[in-house]
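Results of the structural survey
Each chain, letter by letter, is given below.
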Amino acid sequence: MRQSVENGPFAGPGRVRRRRVIYIPGYDPVPARKYREMYRAEGAEQARLSGYSLRLRPVGSPARGAATGTFGWEVEAEIEGAQTQARVEVLVWSDIVKRSMAGGLLTTYGHLVRTAWVYLSTGALWRLARLRKGPVIAALYPVAVLLGQLGVALVAAWLAGRALALLHPLAAWGGLALVPLLLWWFRRLDGRLYAHYLMHDYAFSARFRGADPPELSARIDAFADHVAAALADDADEVLVVGHSSGAHIAVSVLARLIRARRLPADGPALSLLTLGQVIPMVSFLPEAGPLRADLALVSRSAGLTWVDVTAPGDGCAFALCDPVSVSGAAGPGRRWPLVLSAAFTRTLSPARWKALRWRFFRLHFQYLCAFDALKGRRDDYDYFRITAGPLTLARRLGARAPSPSRIERPLAGYGCAEAAASAPQPA
């Protein structure tokens, strides 16, 4: 693969002058421009802290009516004494997220019952709890909050009914009107509580018991076409970034390309960076055989570099859980991923860590943000050096040892033979 810059002080293997960054967000209904503004603000802060330069300019907006929209911007950087250019694109699937979140209160509580049944009846919840307690608690949080809200509404309705009964026995039934009113009011507070949002998120994975919904599968095909087109571009590296539930989508995108033999032998260096991944929430479900097969295939590929970055301080991610191994997809010839820790307690100053420690949702996005206690080494986890700096992902992080605290126990209840049997045949 083409992995060098021909001229200049940063010539040689693993050096980058032009990069394509393809970002796949998690389950997020907000417009893609949120990610540009986050990159702009946090990149400027990291550049100030680390002494380099980043300049952004917009290049487009989400395509309307297309199978896949993209939202992009250009980055011109001067990092580690080299000048680089990067085109960053967000692959949009927020329209699918919005449709999955449609419906009223009955829909949300229906999701609660169905999702709880799927994770409990399949044993997935107990196996996930043996990995990390944090994301399991995060999964139980919306269940507890929504049931608590329903309980409060029912108690308030009962008290109101008792009071109304003093006027007339039949008037007691009027207290029931408080139930939908209070539940509606609680939903209005969800911008701070995230209970409804998280319930829809987990329900999306559980709806088909781990299989991709048809519309998401079609979007993954379109994303694969987009990455294939980027690999035909005159870039030194194509870096695919999957955050949160976007991590398993990114794996499936690259697996489609590998299976269809669409990775060019003389193309740019291909890199996969998964951040704050929650892959076991899907891969531990019974119908996730195709995902487990994708994990196995990508983990064996010699045509890419895959680095997985999480942090124990992120209670919403399966921190330092090797997504291939714990899903039972590790087999002969396995190379990836390289599991690393973002180590929030060391890469954030004590004051910054104290300010963020209990802001769980914000910490889940810290991988995309500035760190104020980096040591300035080239192998530090720095999202902006990775996406805009002069080194490929392999050159920047590939020499690091994997985290000694990583978890590799295969706890999904499925093995490599099952993953292979679920794999689509090569084109």
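Our structure's up above, just so we're on the same page.
Parameters and conventions
- Residues numbered from 1 in each chain as written.
- Predicted model: local features only at pLDDT ≥ 70, side-chain atom pairs only at ≥ 80, totals over all residues.
- Heavy atoms only, no water.
- 1 Å grid on protein atoms, 1.4 Å probe; cavity = no way out; pocket = protein on both sides within 12 Å on 5 of 7 lines; lining within 4 Å.
- Points joined across faces, edges and corners; volume = space filled by probe spheres on them.
- Helix = DSSP H or I, 4+ residues; strand = E, 2+ residues; numbered from the N terminus.
- Salt bridge = Lys/Arg side-chain N within 4 Å of Asp/Glu carboxyl O.
- Buried < 20%, exposed > 50% of the residue type's maximum accessible area, 1.4 Å probe, protein only.
- Core = buried A, V, L, I, M, F, W, Y, C linked by side-chain atoms within 4.5 Å.
- Contact = heavy atoms within 4.5 Å.
- Axes fitted to C-alpha atoms, helices over the stretch in contact; angles between N-to-C directions.
- Left-handed = near helix turned anticlockwise from the far one by under 90°.
- Nonpolar A, V, L, I, M, F, W, Y, C, P; charged D, E, K, R; others polar.
- Expected span 1.5 Å × (residues − 1).

Right, let's get into empty space enclosed by the protein. Using a probe with the size of a water molecule, rolled over the atoms, empty space left in the structure can be pinpointed. For the structure shown, the criterion picks out four cavities of 30 Å³ or more. In this model, the largest cavity occupies a volume close to 240 Å³. Lining the largest cavity are 19 residues, with Tyr-197, Asp-201, Ser-244, Val-278 and His-364 positioned closest to its centre. Secondary structure elements with two or more residues in the lining of the largest cavity: helix H8 (195-206) and helix H11 (280-283).

A few words on the pattern of salt bridges. For the structure on display, the rule yields 22 salt bridges. The salt bridge involving Arg-55 is made with Glu-76; its shortest N-O contact spans 3.8 Å. Here Glu-76 lies in strand S5 (residues 69-79) and Arg-55 lies in strand S4 (residues 53-58), a separation of 21 residues in the sequence. Residue Glu-76 is classed as partly exposed on the basis of its relative accessible area of 31%. Its salt-bridge partner being Arg-87, residue Glu-74 comes within 3.5 Å of it at the nearest N-O pair. Of the two residues, Glu-74 is situated in strand S5 and Arg-87 in strand S6 (residues 82-92); the sequence distance between them amounts to 13 residues. On the accessibility criterion, Glu-74 (18% relative accessible area) is buried. Classification of Arg-87 as partly exposed rests on a relative accessible area of 28%. Through salt bridges with shared partners, a single network forms among Arg-18, Arg-20, Glu-74, Arg-87, Glu-89 and Asp-233.

In globular proteins that are soluble, nonpolar side chains generally tend to be buried together. Core analysis: the biggest nonpolar cluster contains 66 residues, and Trp-93 and Leu-254 have the highest contact counts within it. Per-element tally for this core: the top contributor is helix H10 (residues 246-259), with nine residues. Apart from the residues lying within four places of it in its own chain, the contact partners of Trp-93 are Ile-24, Pro-25, Gly-26, Tyr-27, Phe-204, Leu-216, Arg-219, Phe-223, Ser-245 and Ile-249. If you look at the next biggest cluster of nonpolar residues, it comprises 47 residues, including Leu-275, Ala-311, Ala-317 and Leu-348.

The next subject is the packing of helix H5 (residues 133-165) against helix H6 (residues 178-188). If you want to describe how two helices pack, look at the angle between their axes and the distance between the axes. Close contact between H5 and H6 brings their axes to 8 Å; oriented N to C, the two are set at 145°. In the crossing of H5 with H6, the sense of the turn from one axis to the other is right-handed. Across the interface between the two elements, Gln-149, Leu-150, Val-152, Ala-153, Leu-154, Ala-156, Ala-157 and Ala-160 from H5 touch Leu-178, Val-179, Leu-182, Leu-183 and Phe-186 from H6. Considered class by class, the residues forming the contact of H5 with H6 number twelve nonpolar, one polar and no charged.

To continue, consider the layout of surface pockets. The volume enclosed by the largest pocket comes to roughly 530 Å³. What lines the largest pocket is a set of 23 residues, among which Ala-138, Gly-315, Cys-316, Phe-360 and Phe-361 lie closest to the centre. Elements with a minimum of two residues in the lining of the largest pocket: H5, helix H7 (190-193) and helix H16 (360-363). At five residues, the largest contribution of residues to the lining of the largest pocket is made by H5. A per-class count over the lining of the largest pocket returns 14 nonpolar, three polar and six charged. As a volume, the second largest pocket reaches approximately 440 Å³. Grouping the constituent residues of the lining of the second largest pocket by class yields ten nonpolar, six polar and six charged.

With 14 residues, H10 ought to run about 20 Å at 1.5 Å a step, and its terminal C-alpha atoms sit 20 Å apart, in line with that. Extensive coverage of H10 is indicated by the burial of 13 of its 14 residues. One or two steps after H10, the chain reaches Arg-261, where phi turns positive at roughly 55°.

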